[in-house]
Amino acid sequence: MIDARTAPYGALLLRVVSGAWFLTHAWLKAMVFGMPGAMKYFESVGFPGWLAYVAVAIEVIGGVGLILGICVRPIAAVLGLELLVIAFAVHWHNGWVFVAKGGGWEYPAFWAAAMFALALMGSGAWSIGPFKKKSA
């Protein structure tokens, strides 16, 4: 049974925390590793280096969108797809546990599932954008 009184706040919590995580991951790529370093990493795992810019853009736009509650369903779906690519194209060969050398696929796969759950739930409380669930 879903508690209609608290469920919107659960979606809000998931949305805001995930948005902050995406922003910190984008910041890590851009400011800590630097874009040349991020591009080099992308190339080392078999992707074109320029995709580092795409990933940072997706994570910044997605993170801000989630925090503000703008277009949450499509943003969460796109971020979930990005995380599935990360889980299976980058981390799969390292095994399941994320603390394994090179990072396993458990963390990005779980985060992808959380994003797909958010895409199904919608924006929850205190959102400002379209794709909000309308009250009956």
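Below is a short write-up of the structure. In this text, all values refer to a predicted model and were calculated from it rather than measured experimentally. (Residues numbered from 1 in each chain as written. Predicted model: local features only at pLDDT ≥ 70, side-chain atom pairs only at ≥ 80, totals over all residues. Heavy atoms only, no water.)

Some remarks on the pattern of salt bridges
So, point 1. Inspection of every chain in the model, using the stated rule, returns two salt bridges.
So, point 2. For aspartate 3, the salt bridge is made with arginine 5, and the minimal N-O distance between the two is 3.1 Å.
So, point 3. A relative accessible area of 29% places aspartate 3 in the partly exposed class.
So, point 4. Under the relative-accessibility criterion, arginine 5 is labelled exposed at 64%.
So, point 5. As a salt-bridge pair, glutamate 59 and lysine 29 come within 2.9 Å of each other at their nearest N and O atoms. Of this pair, glutamate 59 sits in helix α3 (residues 51-68) while lysine 29 sits in helix α1 (residues 7-32), placing them 30 residues apart in sequence. Exposure class is identical for glutamate 59 and lysine 29. Each is buried. (Salt bridge = Lys/Arg side-chain N within 4 Å of Asp/Glu carboxyl O. Buried < 20%, exposed > 50% of the residue type's maximum accessible area, 1.4 Å probe, protein only. Helix = DSSP H or I, 4+ residues; strand = E, 2+ residues; numbered from the N terminus.)

Here we look at the side chain of lysine 29
So, point 1. You can call lysine 29 buried: its relative accessible area is 14%.
So, point 2. Looking at lysine 29, its side chain comes within polar contact range of the side chain of glutamate 59, at 2.9 Å.
So, point 3. When sequence neighbours within four positions are dropped, the list of residues in contact with lysine 29 reads Gly34, Met35, Ala38, Phe42, Ala55, Val56 and Glu59. (Polar contact = N/O pair within 3.5 Å; in protein donor to acceptor, adjacent residues only side chain to side chain. Contact = heavy atoms within 4.5 Å.)

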